[in-house]
Amino acid sequence: MTSFNDEDAFEAASLPLSQRAMGATMGARAAPYLDGLNPAQREAVETLDGPVLMLAGAGTGKTKALTSRIAHLLTTGSARPNEILAVTFTNKAAREMKSRVAGLLGEAIEGVPWLGTFHSICVKQLRRHAELVDLKSNFTILDTDDQIRLLKQLIVAEGIDDKRWPARMLAGLIDSWKNRAWTPEALPASEAGAYDHKGGKIYAQYQERLRTLNACDFGDLLLHMVTIFQQHPDVLEQYQRWFRYILVDEYQDTNVAQYMWLRLLAAAHKNICCVGDDDQSIYGWRGAEVGNILRFEKDFEGAKIVKLEQNYRSTEHILGAASGVISGNKGRLGKTLFTESKGGEKVRLIGHWDGEEEARWIGDEIESMQSGTRGMNPIGLNQMAILVRASHQMRSFEDRFLSIGLPYRVIGGPRFYERLEIRDAMAYFRLITSPSDDLAFERIVNTPKRGLGDKAVQKIQVMARSNGLSLLDGAKLLLETKGLGGKGAKELAKLVDGLDRWGAAARIGDMSHIEIAEMALEESGYTEMWQNDKTPEAPGRLDNLKELVKALEQFENLQGFLEHIALVMDNDTEEASEKVSIMTLHGSKGLEFPAVFLPGWEEGLFPSQRSMDESGVKGLEEERRLAYVGITRAETLCTISFAGNRRVYGQWQNALPSRFIDELPERHVEILTPPGIYGHQAGSASDMLDALGGSDLHEAAAKANVYNSPGWRRLQDRQASRGSTSSGMGVTIEAQAVSSFSVGERVFHQKFGYGEITALEGDKLDVAFDKAGDKKVIGKFLTAADSAGDVPF
DNA sequence: AGCCTCCTAATTTTT
DNA sequence: TTAGGAGGCT
């Protein structure tokens, strides 16, 4: 089949009428993707030239628009496949786009667009131009583990107490510097002083080490390409000519380095189409700059802004609730989602006594929804999700679901390729393909145990360094010079010999890479190590190793496998069985479920206290966007809940309902009454108390405290005044919580725990905390503690 | 070298 | 509460 382009259209015009009619039909069939688009989507798809910002709210069909745009570029002949660059953040998104583009085009187009993650595309580029940043094109990509081990060596060498200054912390810092496109030379002095005044220095050393190791970390992939583009205009021009049209997904998540890379590439032709939603920017803590999307019009003059606001996912109540919450943020680009679907259930809101009860209630609710006893059609478990703010919240659900036998799946746990045994195995593979991979050598030299402890490894390192050799070669030399004795020497010789043989086998090629991998794992004693391991995880690890070997089948050789795996660490195995999904709010972005539960909406937990402490209003706004993302995951049923008491790090703490609850527009919310003894009618706080009867005094007092909390009272008031047209949702948490404290009063602080007020200065208070000592804190972060909350029970 | 015990710290996570 | 790391003991 031929492709459709301008010439075909031109030819069609000169054809006899009958054939012209046929051509027209074919034309229509060639662009069926345009038919299913609404006017806004269509505009975003058809505006091919110049900068376009597609502001796509949740559930407004942005992937559809994006893929249709690619199809349109191709079918109109505006671009050949390899002239299109489409970038995503995750491999999953890239896969999805690839398959959808293929679906739209059928067989019509030959060739493939450059479609991939920022990192995978940068790797391709960097392998081509590695020498420009003093690397060889076969550089290895370090994972976080390698990175931290390397940093730790530098930190120790620098004489820093790595307990006070953990390597992780520096790894995070360096990462954030790279996200902002700061090379060691460009690092602002204000930043270089971080990490015990040595941050900048160690950063430079680290980069130097990477160069000698012929390695990169993830941040480098982008940063090196930006450097190359800036220093070698000829290279940049080549890519500018090559990629005539650029598309970017999730633009609100781009960091500075990614932004610079994009700007450089688009600088000549400005044919860049960025798709994103400022309201769904939830990765600021990882370097994403909402500013990038907010500034688009200034960055690209004459940019066309298209807003996709028609939502195809959720009911009007769900959208109304989400819109209400997000409207509390300042400086938004501003979109208003609407839907043509009317009716549906309101967002349900329910308070619980504690986290366990919340889990119990949600479990029951899921079961009744599943069986259809809720007066609705039964909903399958696959159609339901529980979205939490922090992963430790998952635990109460897992406990509960295990005990009632409700099948669930946790999404976003530790990933396959990050598991210990997989990384060990891959370190063996790395050494087989590149014997000078020192980090891999360090990792497995004593795994399984070979009697090669710190002392032996140090000897190898000294030998290698003083002779300018890799660790493996250093080890060989050490053996030759008899620098190591006894059992260690014998074992090391065995390992070195093994690595030589496996490596040779891989080069000769009369064994498949799968056989070589199996041989290495077998002869090194690695498999045996787990077979002899009596811990309960061992069988699982052996299974994983088998799975790893199986994964090799899809690759030509070990090298190809390793290169692929460095960037594609995900492993979503689409499971068919019916299970409720439990995941974090972050993990839920981009997904949708008919029924969604949003538990744990409590001040301090959500919005997260830490976020607010560290990033102030910016942090709070990001939390609010997280709330918006959560609500908009739901198609038909959204249930928000909070608990008055929660065990945090073993200590019972009480909490107020989240301020986000106040921000839900009341006409879209239905307030449910908690079940059990608290459930007798829509009672007042005192009814609630009465219902408690003469149980344990502490407990009763604690309950009284919860149900007298401003948040709970507000809920009660709201329930009482339902139907009234008052729009104001009442005073915010801050306004209420800044109530007057007095010296000597017992208070509670989310971070510091319980304490006693020792002095007052306006809204700042001196508090002597039981655990955290004397602190000066702002009143709004404190709540009054009664004796009840004080006593763990 | 390996096991055991004590101490500390504790969001969100992709590549 | 609990998990992971570090340091100490055998």
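What you see is a predicted model, and the numbers here were worked out from it, not measured in a lab.

Q: Requested: an account of the overall build of chain A, with residues and values cited.
A: If you tally the helices and strands in chain A, you get 36 helices and 21 strands. For chain A, the proportion of its 793 residues judged to be buried stands at 52%. The contacts in chain A between residues at least 6 apart in sequence include a share of 74% that link residues at least 24 apart. Accessible surface, chain A as shown: approximately 35,800 Å² in total, 52% of it carbon and sulfur.

Q: Hey, could you go over the protein's contact with DNA strand C for me, with residue numbers and the actual values?
A: Lining the immediate surroundings of DNA strand C are Lys152, Arg395, Tyr649 and Gly650. Here a phosphate oxygen of DNA strand C sits 3.4 Å away from a polar atom, N or O, in the side chain of Arg395. Counted by class, the surface near DNA strand C contains 1 nonpolar, 1 polar and 2 charged residues.

Q: With reference to specific residues and values, describe the pattern of salt bridges.
A: In this structure the tally under the stated criterion is 43 salt bridges. Lys589 is the partner of Asp253 in a salt bridge, and the nearest nitrogen-oxygen pair spans 2.6 Å. Taken together, the residues Asp253 in the loop between β6 (245–248) and α14 (256–266) and Lys589 in the loop between α29 (585–588) and β13 (593–598) connect sequence positions 336 residues apart. By relative accessible area, Lys589 is classed as buried at 15%. Taken together, the shared-partner salt bridges connect Lys62, Asp249, Glu250, Asp253 and Lys589 into one network.

Q: Can you explain the sheet that holds strand β2 (residues 84–88)? Please cite residues and give values.
A: Reading across from one edge, β3-β2-β6-β7-β1-β8 is the order of the 6 strands in this open sheet, with parallel pairing throughout. A single partner strand is all that each edge strand has here, and the edge strands are β3 (114–117) and β8 (304–308). Adjacent strand axes in the sheet meet at a mean angle of 15°, parallel and antiparallel pairs treated alike. Sheet topology note: the strand β1 (residues 52–56)/strand β7 (residues 272–276) ladder contains 4 bridges and is parallel. Residue Leu55 lies in a different strand from β7, and its bridge partner there is Gly276.

Q: Any details on the pairing of strand β10 (residues 384–388)? Residues and values, ideally.
A: Most of β10 sits out of view: 5 of its 5 residues are buried. What you see with β10 is no split at all: Met384, Ile386 and Val388 on one side and Ala385 and Leu387 on the other are buried throughout. In this structure, β10 lies alongside β13, joined through 3 bridges in parallel fashion. If you follow Met384 over to β13, its bridge partner there is Ala595. As paired strands, β10 and strand β12 (residues 580–584) are joined by 4 bridges and run parallel to one another. Its bridge partner being in β12, Ile386 is matched across the sheet by Ile582.

Q: Break down the side chain of Glu83 for me, citing the residues and quoting the values.
A: Within the secondary structure, Glu83 is located in the loop between α5 (62–75) and β2. Leaving out residues up to four positions away in the same chain, Glu83 has contacts with Trp242, Phe243, Arg244 and Tyr245.

Q: Please set out the packing of helix α12 (residues 218–231) against α14 residue by residue, giving values where relevant.
A: Taken N-terminus to C-terminus, the directions of α12 and α14 make an angle of 35°; their axes are 9 Å apart at the nearest point. Seen along the crossing, α12 lies across α14 with a hand that is left-handed. Where α12 abuts α14, its residues Leu222, Met225, Val226, Phe229 and Gln230 lie against Ala257, Gln258, Met260, Trp261, Leu264 and Leu265. When grouped by side-chain class, the residues that make up the contact of α12 with α14 number 9 nonpolar, 2 polar and no charged.

Q: Provide a residue-level description of the packing of aromatic side chains, including the pertinent values.
A: Inspection of the entire model under this criterion finds 21 aromatic pairs. Measuring from ring centre to ring centre gives 5.5 Å for Trp165 and Tyr195, while their planes differ by 65°; the resulting arrangement is edge-to-face. With a gap of 30 residues between them, Trp165 in the loop between α8 (144–157) and α9 (167–179) and Tyr195 in the loop between α10 (189–192) and α11 (199–212) connect regions that are remote in the sequence. By the burial criterion, Trp165 is buried, and Tyr195 matches it. Following the ring pairs from residue to residue traces out a cluster consisting of Trp114, Phe229, Tyr239 and Phe243.

Q: Lay out the protein's contact with DNA strand B with the relevant residues and their values.
A: Every one of the 28 residues lining DNA strand B counts as a neighbour, but Ser391, Gly453, Thr584, Ser608 and Ser611 are closest to it. Considering DNA strand B, the proportion of its atoms within 4 Å of the protein that are sugar or phosphate atoms stands at 51%. Between DNA strand B and Arg286, the relevant distance is 3.3 Å, taken from a sugar or linking oxygen to a side-chain nitrogen or oxygen of the residue. By residue number, the principal contributor to the surface near DNA strand B is helix α30 (residues 609–631), which donates 4 residues.

Q: An account of the environment of Glu515 is needed here, citing residue identities and associated values.
A: Its location among the elements puts Glu515 in helix α25 (residues 513–523). Assessed through its relative accessible area of 40%, Glu515 is described here as partly exposed. With 10 residues separating them in the primary sequence, Glu515 and Ala505 have C-alpha atoms 9.7 Å apart.

Q: Tell me about α9, and please be specific about residues and values.
A: Its 13 residues give α9 an end-to-end C-alpha distance of 18 Å, which sits within 8% of 18 Å, the value for a rise of 1.5 Å per residue. For α9, the secondary structure elements touched by its buried residues are α8, α10, α11, α12 and α14. Phi turns positive one or two residues past the end of α9, at Ala181, with a value near 65°.

Q: A description of the side chain of Ser588 should follow, citing residues and the corresponding values.
A: By the element assignment, Ser588 lies in helix α29. Of the residues examined, Ser588 reaches a relative accessible area of 0% and is grouped as buried. A distance of 2.7 Å separates a polar atom in the side chain of Ser588 from the backbone oxygen of Leu585. Once residues lying within four places of it in the same chain are set aside, the contact partners of Ser588 are Leu387, Met583, Val629 and Arg633.

Q: So what about the state of the cysteines? Which residues, and what values?
A: This model, assessed by the stated rule, comprises 0 disulfides. Just so you know, Cys122 is unpaired, no disulfide at all, and the nearest cysteine sulfur is the one on Cys216, 10 Å from it. Note on Cys274: no disulfide assigned, nearest cysteine sulfur contributed by Cys273 at a separation of 6.8 Å.

Q: I'd like a description of the packing of helix α7 (residues 118–129) against α12, backed by residues and values.
A: Pairs of packed helices are described in terms of their axes, by the angle between the two and the distance that separates them. For the pair α7 and α12, interaxial distance at closest approach is 9 Å and the crossing angle is 55°. Relative to α12, the element α7 lies oblique. Of the two possible hands of crossing, α7 and α12 adopt the one that is left-handed. Contacts between α7 and α12 pair Phe118, His119, Cys122, Val123, Gln125, Leu126 and His129 from the former with Phe218, Leu221, Leu222, His224, Met225, Ile228 and Phe229 from the latter.

Q: An account of the confidence of the model for chain A is needed here, citing residue identities and associated values.
A: On average, chain A scores 82 in pLDDT, and the residues at 70 or more come to 82%. Below pLDDT 50 for its whole length, residues 1–29 participates in 18 contacts with residues either more than four positions away or in separate chains. The model gives residues 719–739 a pLDDT under 50, and that stretch makes 33 contacts with residues more than four places away or in other chains.

Q: Any chance you could break down a negative patch on the surface for me, citing the residues and the numbers?
A: On the surface, Glu515, Glu518, Glu522 and Glu528 cluster together into a patch of negative charge. Broken down by element, the residue count for the negative patch peaks at 3 residues, all from α25. Examined against the element boundaries, Glu518 turns out to sit in helix α25.

Q: Give a detailed account of the pairing of strand β14 (residues 634–648), specifying residues and quantitative values.
A: Within β14, 12 of the 15 residues are buried, which leaves it mostly tucked inside the rest of the structure. Two elements, strand β9 (residues 347–354) and β14, share 6 bridges in a ladder whose sense is parallel. Note that in β14 the partner of Leu349 across the bridge is Ile640. Pairing geometry for β13 and β14, over 5 bridges, is parallel. Looking at the pairing, Val596 lines up with Cys638 of β14. In this structure, β14 lies alongside strand β15 (residues 651–654), joined through 4 bridges in antiparallel fashion. By the bridge assignment, Arg647 is partnered in β15 with Trp652. Hairpin geometry of β14 and β15 is characterised by an intervening segment of 2 residues between the two adjacent antiparallel strands and by a positive phi of about 50° at Tyr649.

Thresholds, definitions, all that
- Residues numbered from 1 in each chain as written.
- Chains lettered and ligands numbered in written order.
- Predicted model: local features only at pLDDT ≥ 70, side-chain atom pairs only at ≥ 80, totals over all residues.
- Heavy atoms only, no water.
- Helix = DSSP H or I, 4+ residues; strand = E, 2+ residues; numbered from the N terminus.
- Buried < 20%, exposed > 50% of the residue type's maximum accessible area, 1.4 Å probe, protein only.
- Contact = heavy atoms within 4.5 Å.
- Areas by Shrake-Rupley, 256 points an atom, 1.4 Å probe, with all protein chains shown as cover.
- Near = heavy atom within 4 Å.
- Polar contact = N/O pair within 3.5 Å; in protein donor to acceptor, adjacent residues only side chain to side chain.
- Nonpolar A, V, L, I, M, F, W, Y, C, P; charged D, E, K, R; others polar.
- Salt bridge = Lys/Arg side-chain N within 4 Å of Asp/Glu carboxyl O.
- Pairing = 2+ DSSP bridges.
- Axes fitted to C-alpha atoms, helices over the stretch in contact; angles between N-to-C directions.
- Left-handed = near helix turned anticlockwise from the far one by under 90°.
- Phe/Tyr/Trp six-rings, centres within 6.5 Å; stacked < 30°, edge-to-face > 60°.
- Expected span 1.5 Å × (residues − 1).
- Disulfide = S-S within 2.5 Å.
- Parallel < 35°, antiparallel > 145°, perpendicular 65-115°, else oblique.
- pLDDT = per-residue confidence, 0-100.
- Patch = residues over 30% accessible without salt bridge, like charges linked within 9 Å, V, L, I, M, F, W, Y side chains within 5 Å.
- Lys, Arg positive; Asp, Glu negative; His and termini not counted.
- Charge placed at Lys NZ, Arg CZ, Asp CG, Glu CD.

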